[in-house]
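Topology and contacts: notes
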Amino acid sequence: MQTVESQLQRDQVAPDLRELVLTLLQASKTIADKVRRGALAGVLGSAAQQNVQGETQKKLDVIANDILKQALLASGQVRALASEEEDQVVAGNAGGPYVVAFDPLDGSSNIDINAQIGTIFTVYRALDVAPDSPAQFAQPGRAQVCAGYVLYGPSTQLALTTGGPSRLYTLDSDGQYWLTEPELTIAPDCQEYAINISNQRHWAPDTQAYIQALQAGSEGARGKDFNMRWNGAMVGDVHRVLVRGGIFLYPANTQSNIHNGKLRLLYEANPMAMLVEQAGGKASSGVQRILEVQPEHLHQRVPVILGASNEVDEFTAARR
Ligand code: AHG
Ligand code: MN
Ligand code: MN
């Protein structure tokens, strides 16, 4: 079995990128330790302050953000970082070759109920503009050099791609991430979907029709039954899709404050889209490939439909 370090060498990942990934993973182990200890580590509950998106931060949102930020800024590899919990771009080492964006703690509403949460991250090459310029992150998702997440579940697992296959690693008590699934593969067809059904009345008519067809099961036009799961943490839902297939949707919404859905392009949709595509799946905004979306704002939202390729095609075909 390979450690993540030796696998990155085998994959001929550039030494500076390897070092950066290991810095991220070192921080993830500190977070995993606090998550595991929960109330005993004093990490549950609200931080009683809001982030730039008007969401009330949990203590662990702030703690995870600080751990990642400090680790990345201490490494020489990072010219800038962006985070769900930082209003603006944070400047790093002016000579650093990479920029990093992250969702330090995905699934915040799961923290206090001891359910799946995670850290999502993405790496781009730094651009020749000011380190703290938002332009550093105005790169479409197809320019990502590395994308991944750490899932803090019953096991702590890392899903990672550096442009090749999406690989899955599991953290052992020796502090090493070991390669446990060398090549995640999403089957093109599926019988399981994930969507927050409570938003149904706010979806566009074609989205409503698509979900109704899944619900009609074998008696309906699709001619097969579909199961439904919703974790309330994208990281858990996408993990399930990567491991056993399915489709995950956070579609456009007619409510004006979330008309592009809820998920953020830079540090949620893009890294997950890369992992899904490198596992043979598809990731769409409903109108285009997520990895082709040109970012306009740091915290911009985008509708997300990802997973089994034929099923994502069914969704987009239903819109025409
Ligand atoms: P975050 O905790 O980083 O703000 O992200 C939460 C996101 C995502 O993880 C999940 O898929 C979605 O919110 C859940 O939304 P609902 O509240 O509609 O279930
Ligand atoms: Mn999130
Ligand atoms: Mn978050």
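Residues numbered from 1 in each chain as written. Chains lettered and ligands numbered in written order. Predicted model: local features only at pLDDT ≥ 70, side-chain atom pairs only at ≥ 80, totals over all residues. Heavy atoms only, no water.

Here the focus is the overall build of the protein. A tally of regular secondary structure across the protein gives seven helices and 15 strands. For 320 residues, the compact-globule estimate of 2.2 N^0.38 gives 20 Å, and the protein sits close to it at 19 Å. Seen through its principal axes, the protein has C-alpha atoms that stretch 55 × 45 × 45 Å. Expressed as a percentage of contacts within the protein between residues at least 6 apart in sequence, the contacts between residues at least 24 apart total 61%. Of the charged side chains in the protein, 26 are positive and 34 negative; the average position of the first set lies 1 Å away from that of the second. (Helix = DSSP H or I, 4+ residues; strand = E, 2+ residues; numbered from the N terminus. Rg over C-alpha atoms; globule rule 2.2 N^0.38 Å. Contact = heavy atoms within 4.5 Å. Lys, Arg positive; Asp, Glu negative; His and termini not counted. Charge placed at Lys NZ, Arg CZ, Asp CG, Glu CD.)

Under the domain assignment used here, the protein contains domain 1 (4-181) and domain 2 (192-318). Just the C-alpha atoms count here: the centres of domain 1 and domain 2 sit 23 Å apart. Contacts between the two partners involve 48 residues from domain 1 and, on the opposite side, 28 residues from domain 2. Of the roughly 2,800 Å² buried at the junction of domain 1 and domain 2 (both faces included), carbon and sulfur atoms supply 59%. Joining domain 1 to domain 2, the criterion identifies three salt bridges. With its nearest N and O atoms 3.3 Å apart, the salt bridge here joins Glu84 to Arg264. Where domain 1 meets domain 2, there are 21 residue pairs in polar contact (both at pLDDT 80 or more). At the level of elements, β3 (78-83), β5 (98-106), β6 (117-125), β7 (146-152) and β8 (156-161) are the ones that each hand at least two residues to the side of domain 1 that touches domain 2. (Domains from an automatic or database assignment. Buried area = accessible area lost by both parts, 1.4 Å probe. Salt bridge = Lys/Arg side-chain N within 4 Å of Asp/Glu carboxyl O. Polar contact = N/O pair within 3.5 Å; in protein donor to acceptor, adjacent residues only side chain to side chain.)

Moving on, we come to the nonpolar core. Across soluble globular proteins, nonpolar side chains have a tendency to be buried as a group. Formed by 45 residues in total, the largest nonpolar core has its most connected members in Tyr149, Met234, Leu242, Met272, Val304 and Leu306. Within the residue set of this core, elements represented by two or more residues are β7, β11 (192-194), α4 (205-216), α5 (234-244), β13 (247-250), α6 (265-277), β15 (304-307) and α7 (309-318). The element contributing the most residues to this core is α6, with six residues. Each of two domains, domain 1 (4-181) and domain 2 (192-318), supplies a minimum of three residues to this core. (Core = buried A, V, L, I, M, F, W, Y, C linked by side-chain atoms within 4.5 Å. Buried < 20%, exposed > 50% of the residue type's maximum accessible area, 1.4 Å probe, protein only.)

To continue, consider the pattern of salt bridges. Side chains that differ in charge, positive against negative, can pair when their charged atoms come close. Following the criterion strictly, the structure yields 15 salt bridges and no others. The shortest N-O distance in the salt bridge between Glu192 and Arg244 comes to 2.9 Å. Here the residue Glu192 occupies a position in strand β11, and Arg244 occupies one in helix α5, the gap between them amounting to 52 residues. Taking the relative accessible area as the measure of exposure, Glu192 reaches 10% and is therefore buried. Several salt bridges converge on common partners, so that one network encompasses Glu55, Glu84, Arg264 and Glu268.

The next point concerns helix α2 (residues 15-37). For an α-helix, 3.6 residues make a turn, and residues three or four places apart therefore share a direction. With 23 residues, α2 extends 33 Å from end C-alpha to end C-alpha; this agrees with the ideal 33 Å at 1.5 Å per step. Taken together, the buried positions of α2 are occupied by Leu17, Arg18, Leu20, Val21, Thr23, Leu24, Leu25, Ala27, Ser28, Ile31 and Ala32. (Expected span 1.5 Å × (residues − 1).)

With that settled, the discussion passes to helix α3 (residues 59-74). Under the 1.5 Å per step criterion, the end-to-end length of α3 is 23 Å for 16 residues, consistent within 8% with the ideal 22 Å. Every buried residue belonging to α3 is among Leu60, Asp61, Ala64, Asn65, Ile67, Leu68 and Leu72, and all of these are buried. Down the axis of α3, the smallest arc covering the buried residues is 165°, so these residues share one side. Exposed side of α3, more than 90 degrees from the buried face: Gln70 and Ala74 are the residues found there. (Arc of directions from axis to C-beta.)

Bringing the coordination of the manganese ion (ligand 2) into the picture now. By definition of the ideal shapes, a tetrahedral metal site with four donors has angles of 109.5 degrees and an octahedral site with six donors has angles of 90 or 180 degrees. The coordination sphere of the manganese ion (ligand 2) contains the protein donors Asp103 (OD), Asp106 (OD) and Glu268 (OE), at a distance range of 1.8 to 2.1 Å. Summarised as a motif, the one-chain spacing of the donors to the manganese ion (ligand 2) is D-x2-D-x161-E. Between the manganese ion (ligand 2) and the manganese ion (ligand 3), both coordinated by Asp103, there is a metal-metal distance of 3.7 Å. (Donors = N, O, S within 2.8 Å, 3.2 Å for Na, K, Ca; no water.)

As a structural note, the neighbourhood of ligand 1 is formed by 16 residues, with Asp106, Ser108, Asn196, Met234 and Tyr250 the closest of them. Between Ser108 and ligand 1, the recorded distance is 2.8 Å, taken from a backbone N or O atom to an oxygen atom. Contact with the protein chains removes 86% of the 470 Å² of surface that ligand 1 exposes when unbound. Element by element, the count of residues in the shell around ligand 1 is highest for β5, at three residues. Across the shell around ligand 1, the residue classes tally to six nonpolar, four polar and six charged. Built from parts of two domains, the shell around ligand 1 gets at least three residues from each of domain 1 (4-181) and domain 2 (192-318). (Near = heavy atom within 4 Å. Areas by Shrake-Rupley, 256 points an atom, 1.4 Å probe, with all protein chains shown as cover. Nonpolar A, V, L, I, M, F, W, Y, C, P; charged D, E, K, R; others polar.)

Another aspect to go through is the packing of α2 against α3. For the pair α2 and α3, the least separation of the axes is 9 Å and the interaxial angle reads 150°. As far as their axial angle goes, α3 and α2 are roughly antiparallel. Here the hand of the crossing between α2 and α3 comes out right-handed. Residue-level contacts link Leu20, Thr23, Leu24, Ala27, Thr30, Ile31, Lys34 and Val35 of α2 to Leu60, Ile63, Ala64, Ile67, Leu68, Ala71 and Leu72 of α3. Each residue belonging to the contact of α2 with α3 can be placed in one class, and the counts come to 12 nonpolar, two polar and one charged. (Axes fitted to C-alpha atoms, helices over the stretch in contact; angles between N-to-C directions. Parallel < 35°, antiparallel > 145°, perpendicular 65-115°, else oblique. Left-handed = near helix turned anticlockwise from the far one by under 90°.)

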